[in-house]
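# What the coordinates show
Spelled out from the first residue to the last, the chains are:
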Amino acid sequence: MPETDSPKLFGRSALSGAARVAGVIGWPIAHSLSPRLHGFWLDRHRVDGVYVPLAVKPGMLGRALIGLSALGFAGANVTIPHKEDACALVDEVSDLALRIGAVNTIVVRSDGRLFGTNTDAFGFIANLEAGCPGWRADAGPAVLLGAGGAARAIAVALIEAAAPALVIVNRDQGRAERLAAKLGPAGVRVEPWAKRAEVAGEAALLVNATSLGMAGKPPLDIDLAALPGEAVVTDIVYAPLVTPLLAAAGARGNRTVDGLGMLLHQARPAFQAWFGIDPEVSPELRRHVEQGLRPS
């Protein structure tokens, strides 16, 4: 098969009565790239399985999770706005998910019990390691813009990867301070949003974990003049793939990593848990998922 071709579909008509079923729970969910992503792997590995979008309204998550077990699902991803609520609704929660305060992956045990974990931290670190070979969290301080759900996962990931210091900067400073208090280590501190450009001067890694710069959102206004030339810059936004932050950082010679890889890599542990295969985040997969970002 030529490398530029997408895999030939195994075909949903080939599913058997024993097909393994997983999906993604969110509201809204039609925009999700996860079915496209997992569908690629299912077809590539000729798995007797399917991954489906599951639109679950706020307040209905508990009933939906009962349905996962009742319907024989292998598990599900959980996305906005249900990640935090899922922590209290599954039967067992991993230590990592408890630290983050959110569940993004559920595995249905053989006895029907629901195990919740979080793969966002894994996806963030794996994306940086793949997109910036040689990057190490312990190379220097990390500056994290944002204090929401994604920022919580990234903060935990960086602390566990031995970042020597973590500076959190958020428009709502109170929210940043609550996150810092939850994280606990002495190496975590909060700075006001107005000092974001100054604080960037400390960064070995600068992370945008806000929605600023996303298509349809306000731009991220930050002066990178103080940013060290050897600093790595990453943005969890992947629509557009090259955000204004990444474009500005790249223009001044900083190494940059876009946000799409975090989505791709966080899916790997879940796919393995549900379907028994550790899939590859390949250039072909990336091209396939990128096609889902383009207007039809």
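Preceding this paragraph is the structure being described.
About the thresholds
Residues numbered from 1 in each chain as written. Predicted model: local features only at pLDDT ≥ 70, side-chain atom pairs only at ≥ 80, totals over all residues. Heavy atoms only, no water. Helix = DSSP H or I, 4+ residues; strand = E, 2+ residues; numbered from the N terminus. Buried < 20%, exposed > 50% of the residue type's maximum accessible area, 1.4 Å probe, protein only. Polar contact = N/O pair within 3.5 Å; in protein donor to acceptor, adjacent residues only side chain to side chain. Contact = heavy atoms within 4.5 Å. Phe/Tyr/Trp six-rings, centres within 6.5 Å; stacked < 30°, edge-to-face > 60°. Lys NZ or Arg CZ within 6 Å of the ring centre and 35° of its normal. Salt bridge = Lys/Arg side-chain N within 4 Å of Asp/Glu carboxyl O. Pairing = 2+ DSSP bridges. Axes fitted to C-alpha atoms, helices over the stretch in contact; angles between N-to-C directions. Parallel < 35°, antiparallel > 145°, perpendicular 65-115°, else oblique. Left-handed = near helix turned anticlockwise from the far one by under 90°. Nonpolar A, V, L, I, M, F, W, Y, C, P; charged D, E, K, R; others polar.

### Examining the side chain of Thr234
Among the secondary structure elements, Thr234 is positioned in strand β11 (residues 232–235). Look at Thr234 and you get buried, because its relative accessible area is 3%. For Thr234, the side chain forms a polar contact with the main-chain oxygen of Val257, separated by 2.8 Å. Ignoring anything within four residues of it in the chain, the contact list for Thr234 reads Phe124, Leu128, Leu205, Leu206, Val207, Asn208, Leu245, Leu246, Val257 and Asp258.

### Structural notes on the packing of aromatic side chains
What characterises a pair of aromatic rings is the spacing of the ring centres plus the angle enclosed by the ring planes. Under the counting rule described, the total for this entry stands at 4 aromatic pairs. Here Tyr51 and Trp274 contribute two aromatic rings whose centre-to-centre distance is 5.9 Å and whose plane-to-plane angle is 40°, an arrangement assigned as tilted. With Tyr51 in strand β2 (residues 49–55) and Trp274 in helix α10 (residues 260–275), this residue pair connects regions lying 223 residues apart in the sequence. Accessibility expressed as a relative area gives 6% for Tyr51, which makes it buried. When the ring of Trp274 is compared with that of Phe275, the centres are 6.3 Å apart and the planes differ by 85°; the resulting orientation is edge-to-face. Overall, the relative accessible area of 1% leaves Trp274 in the buried class. One aromatic cluster is present, formed by Trp41, Tyr51, Phe271, Trp274 and Phe275 through successive ring pairs. Seen from the ring of Phe115, Arg109 lies directly overhead, with NZ or CZ sitting 4.4 Å from the centre.

### Remarks on the pattern of salt bridges
Counted by the stated rule, this structure contains 13 salt bridges. A salt bridge links Arg189 to Glu202; the nearest nitrogen and oxygen atoms lie 2.6 Å apart. One end of the pair, Arg189, is in strand β9 (residues 188–192); the other, Glu202, is in the loop between α8 (196–199) and β10 (205–208), with 13 residues separating them in the sequence. The partly exposed category is assigned to Arg189, whose relative accessible area is 33%. By relative accessible area, which is 33% here, Glu202 ends up partly exposed. Each of Arg189, Glu191, Lys195 and Glu202 takes part in one network of salt bridges that share partners.

### Here's the deal with the environment of Gly17
Secondary-structure assignment places Gly17 in the segment before β1 (20–26). Accessibility expressed as a relative area gives 89% for Gly17, which makes it exposed.

### Remarks on unusual backbone geometry
Glycine aside, negative phi is the norm for most residues, and most peptide bonds take the trans geometry. Put simply, Trp27 and Pro28 share a cis peptide bond, and its omega is -5°. Among the structural elements, Pro28 can be located in the loop between β1 and α1 (34–44). In this structure, the amide linkage connecting Ile80 to the following residue, Pro81, adopts the cis form with an omega of 5°. Here Pro81 lies in the loop between β3 (75–78) and α3 (83–89).

### Some points on the pairing of strand β6 (residues 114–117)
Where burial is concerned, the two faces of β6 agree: the one with Leu114 and Gly116 and the one with Phe115 and Thr117 are both buried. Judged from the 4 bridges that link them, strand β5 (residues 105–108) and β6 form a sheet pairing that is antiparallel. Within β6, the residue paired with Ile106 across the bridge is Gly116. Where β5 hands over to β6, the hairpin turn is made up of 5 residues, of which Gly112 adopts a positive phi near 90°.

### Focus: the side chain of Asn104
Tracing the chain through its elements places Asn104 in the loop between α4 (95–100) and β5. At 2.8 Å, the side chain of Asn104 forms a polar contact with the backbone nitrogen of Thr119.

### Comments concerning the packing of α1 against helix α11 (residues 283–291)
Two elements in contact, α1 and α11, have axes separated by 9 Å at closest approach and are oriented at 140°. Considering the angle they form, α1 stands oblique to α11. Crossing of α1 over α11 shows right-handed handedness. Counting all contacts with α1, which are made through Arg36, Leu37, Phe40, Trp41 and Arg44, the residues of α11 involved are Glu284, Leu285, His288, Val289 and Gln291. Taken together, the residues of the contact of α1 with α11 sort by class into 5 nonpolar, 2 polar and 3 charged.

Geometric descriptors of this kind do not, in isolation, establish any biological role.
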